[in-house]
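Observations on the model geometry
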Amino acid sequence: MTITTMETRGTVVFPENFVWGAATASYQIEGATKADGRGPSIWDTFSATPGKVREGDTGEVACDHYHRYRDDVALMKDLGLNAYRFSVAWPRIQPTGSGAANQAGLAFYDRLVDTLLEAGITPYVTLYHWDLPQALEDLGGWTSRDTSYRFADYAAIMYDRLGDRVSHWTTLNEPWVSAFLGYGNGVHAPGRTSAHDALRAAHHLLLGHGLAARALRSAGAEEIMLVVNSAPVLTPAQVNDPAAAVSEADAAAAHRAHALLTRQFLDPALLGRYPVEVLRAAERNGGTAHVLDGDLEIINAPIDLVGINYYNPCVVEDGPGLPADAAWPGSEGVRFATVEAPVTAMGWPIVPSGLSRLLVRLSQDYPQVGLMVTENGAAFDDVVEDGRVHDDARLAYLEGHLRAAHEAIEAGADLRGYLVWSLLDNFEWAEGYGRRFGVVHVDYTTQARTLKDSAFWYRDVINRNGL
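Quick caveat: nothing in here was measured; it's all calculated off a predicted structure.

Here's the deal with the overall build of the protein
Helix and strand content of the protein: 16 helices and 13 strands. With respect to the principal axes defined by its C-alpha atoms, the protein has extents near 55 × 55 × 45 Å. Looking at the protein as a whole, 63% of its 467 residues qualify as buried. Here the contacts in the protein between residues at least 6 apart in sequence split such that 77% fall between residues at least 24 apart. Total accessible area computed for the protein in this model is approximately 16700 Å², and 49% of it derives from carbon and sulfur atoms. On the protein, the mean spot of the 37 positive side-chain charges and the mean spot of the 59 negative ones are 2 Å from each other.

Considerations on the sheet that holds strand S11 (residues 415–421)
Spatially, the eight strands close up into a barrel ordered S1-S2-S3-S4-S5-S7-S10-S11, and their pairing is parallel. Looking at each pair of strands side by side, their axes are set apart by 25° on average, direction ignored. Two elements, strand S7 (residues 305–309) and strand S10 (residues 370–375), share five bridges in a ladder whose sense is parallel. Pairing of Leu305 across the sheet is with Gly370, part of S10. Helix H14 (residues 353–365) rests against S7, S10 and S11 of the sheet, and its axis sits at about 145° to S10. The sheet strands contacting helix H15 (residues 392–410) are strand S1 (19–23) and S11, and the helix crosses S11 at an angle near 170°.

Some details on the sheet that holds strand S8 (residues 314–318)
Two modes of strand pairing occur in sheets, parallel and antiparallel, and in both the strands are linked by backbone hydrogen bonds. The sheet built from three strands is open, its strands ordered S6-S8-S9 with mixed pairing. Among the strands making up the open sheet, the edge pair consists of strand S6 (233–234) and strand S9 (334–336). Against the sheet, helix H11 (residues 248–271) engages S6, S8 and S9, with an angle of about 135° to S8.

Overview of helix H3 (residues 65–79)
Given a rise of 1.5 Å per residue, 15 residues ought to cover 21 Å, yet the end C-alpha atoms of H3 are separated by just 18 Å, more than 12% below that figure. Where H3 bends most, at Asp71, the angle is about 40°. Turning to H3, its buried residues number three or more, namely His65, Tyr66, Tyr69, Asp72, Val73, Leu75, Met76 and Leu79. In the stretch just after H3, Gly80 is the one whose phi turns positive, near 80°.

Describing the packing of aromatic side chains
All told, the structure shown has 35 aromatic pairs when counted by the stated rule. Ring centres 5.4 Å apart and planes at 70° place the aromatic pair Tyr128 and Trp142 in the edge-to-face group. Taken together, the positions of Tyr128 in strand S3 (residues 122–128) and Trp142 in the loop between helix H6 (134–138) and helix H7 (145–162) put the pair 14 residues apart, joining distant regions of the chain. With respect to class, Tyr128 is no different from Trp142; both count as buried.

Description of the environment of Gly434
Mapped onto the elements, Gly434 comes out in the loop between S11 and strand S12 (440–442). On a C-alpha basis, the gap between Gly434 and Ala379 in space is 9.4 Å, while along the polypeptide they are 55 residues apart.

A short note on the environment of Glu248
Relative to the assigned elements, Glu248 resides in helix H11. Sequence separation of Glu248 and Gly37 is 211 residues, and the distance between their C-alpha atoms is 57 Å.

Structural notes on the pattern of salt bridges
According to the stated counting rule, one finds 30 salt bridges in the structure shown. What you see here is one network of salt bridges that share partners, running through Asp382, Asp391, Arg394, Asp425, Arg436 and Lys452.

Looking at unusual backbone geometry
Residue Pro190 is bonded to the preceding Ala189 through a cis peptide linkage, with omega at 5°. Residue Ser422 is reached from Trp421 by a cis peptide bond, and omega for that bond is 5°. For Asp386, which is not glycine, the phi torsion reads 55° and is therefore positive. When you line up the elements, Asp386 lands in the loop between S10 and H15.

Some words on the pairing of S1
With five of five residues buried, S1 is to be regarded as a mostly interior element. The pairing of S1 with S11 spans five bridges and is parallel. Residue pairing in the sheet places Ala23 in a bridge with Trp421 of S11. As paired strands, S1 and strand S2 (residues 83–87) are joined by three bridges and run parallel to one another. Across the sheet, residue Gly21 finds its bridge partner in S2, namely Ala83.

A short note on the environment of Ala254
Topologically, Ala254 is positioned in helix H11. Residues Ala254 and Phe336, spaced 82 residues apart in sequence, show a C-alpha to C-alpha distance of 9.9 Å. Excluding residues that lie within four positions of it along the chain, Ala254 makes contacts with Val233 and Val316.

The rules behind these values
Residue indices begin from 1 for each chain and proceed along its sequence in written order. Where local features are concerned, this predicted model is filtered to residues with pLDDT of at least 70; where side-chain atom pairs are given and counted, the filter is 80 or more; whole-chain, interface and lining totals use all residues. Note: side-chain values were computed over all heavy atoms of the structure, leaving out hydrogens and water. Comment: elements are numbered from the N terminus, with helices defined as DSSP H or I runs of at least four residues and strands as E runs of at least two. Residue burial is assigned from relative accessible area. The probe radius is 1.4 Å, only protein chains are included, and a residue is buried under 20% of its type maximum, exposed over 50%, and partly exposed in between. Contacts were defined at the residue level, with two residues in contact if any of their heavy atoms lie within 4.5 Å. Working definition of accessibility: Shrake-Rupley area with a 1.4 Å probe, residue cover restricted to the visible protein chains. Positive charges come from Lys and Arg, negative ones from Asp and Glu, while His and the chain ends are left out of the count. Charge coordinates come from a single atom per side chain, which is NZ of Lys, CZ of Arg, CG of Asp or CD of Glu. In this scheme, strands are said to pair when DSSP sees at least two bridges between them. Angles run from 0 to 180 degrees between N-to-C directions of axes, and those axes are lines fitted to C-alpha atoms, restricted for helices to the stretch in contact. Expected helix span is given by 1.5 Å per residue-to-residue step, counting one fewer step than there are residues. What is called the bend at a residue is the angle between a pair of axes, fitted to the seven residues leading up to and ending at it and to the seven starting from it. Ring geometry is summarised as follows: Phe, Tyr and Trp rings, the Trp one being its six-membered ring, pair when their centres sit within 6.5 Å, and such pairs are stacked at plane angles under 30 degrees, edge-to-face over 60 and tilted between the two. Take a side-chain nitrogen of Lys or Arg and a carboxyl oxygen of Asp or Glu: if they are within 4 Å of each other, that pair is a salt bridge.

Take a look at the structure:
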């Protein structure tokens, strides 16, 4: 057996009270982008810009979850989900990113939370999953320090409205993506291409996280989480052989990439300091004047969980003379490598063992917090045939990763739950509607939902609390 596969024989049982659920994001499923006072987001603007999203797709309708949420919650109940992680559309709450709350927008999330609770499903609320109000981007977006304070104000509004029924709060989803794909290489909204802007955005996202965490905690929030898109950083040889010999130069490349991907966010949030590799990158790209005295103390506000979105490992090796990748300021001399492994429809290598290695390392590096897999899943080219979707490849992907998660628990990782990505096929950002991640198929013409084989399988996993 190679490490890019996982043994699928044998019964495993997860800990008592392990959380099983699914995750979505507002812009990817809600649609109704002009309904009930919602303002435009950076993704409305970006997706409407020719050439930015495959086939010119936008989230204007998406899965029409805004109008069909009751049916979607009924599907969740049928699947036996314990938890549902969803994000709030900030422009639905504050159309310009500041000022008084839009009551119609708040009312939608009131209805959604109440419907979830009636179905016995625990809501996990994410405050920011990339849909920044366009009005704030016009004022500088995440490169502006003021956006961090506006985010804290918005967090307080949401807690004031939902805090009597919601105990689980996430500040940011994947700030690396927001900063470095949005402001660094420009493949995500708002589409800027500046290393300096990306590093400023990363810091202000963290500052916004810290300010929001303080606001939530002072208002009475029981559990606060930060979600990162982390991955084990491996050399090509290590993908299938953890004991493979690694040259000093390759080890240095992997160490730097890990600092830029994961430690850039978790060290400030959990340890109150930036890795030296990040500070060096900032000094080479406009300096660190945006990091003010007291910022790291704010960013280091206590949190309870770190959410891990894992899809594939990051594979690197020494690349003498290479310039920095646009999405990785500070990666000079690092070559991002490909691996020999099966891939998903996104072209991402399938390496389940990477999840177990990642969870164990994070538990060792940051023992003060628990962990939750907040996204894990795969896109494949699904087809409805005779009313069924036989997605054997996704089922195998999920089983392999759940077995890897269980191995991590046995190795000492403090893993509290697993949320599959995603409940529904949806708007997959720059890929538009051409990539399907859901365990539920969505016909975007009729909005019909069809449970895939992986959904029925996942229901059984939840029922037995294991494999």
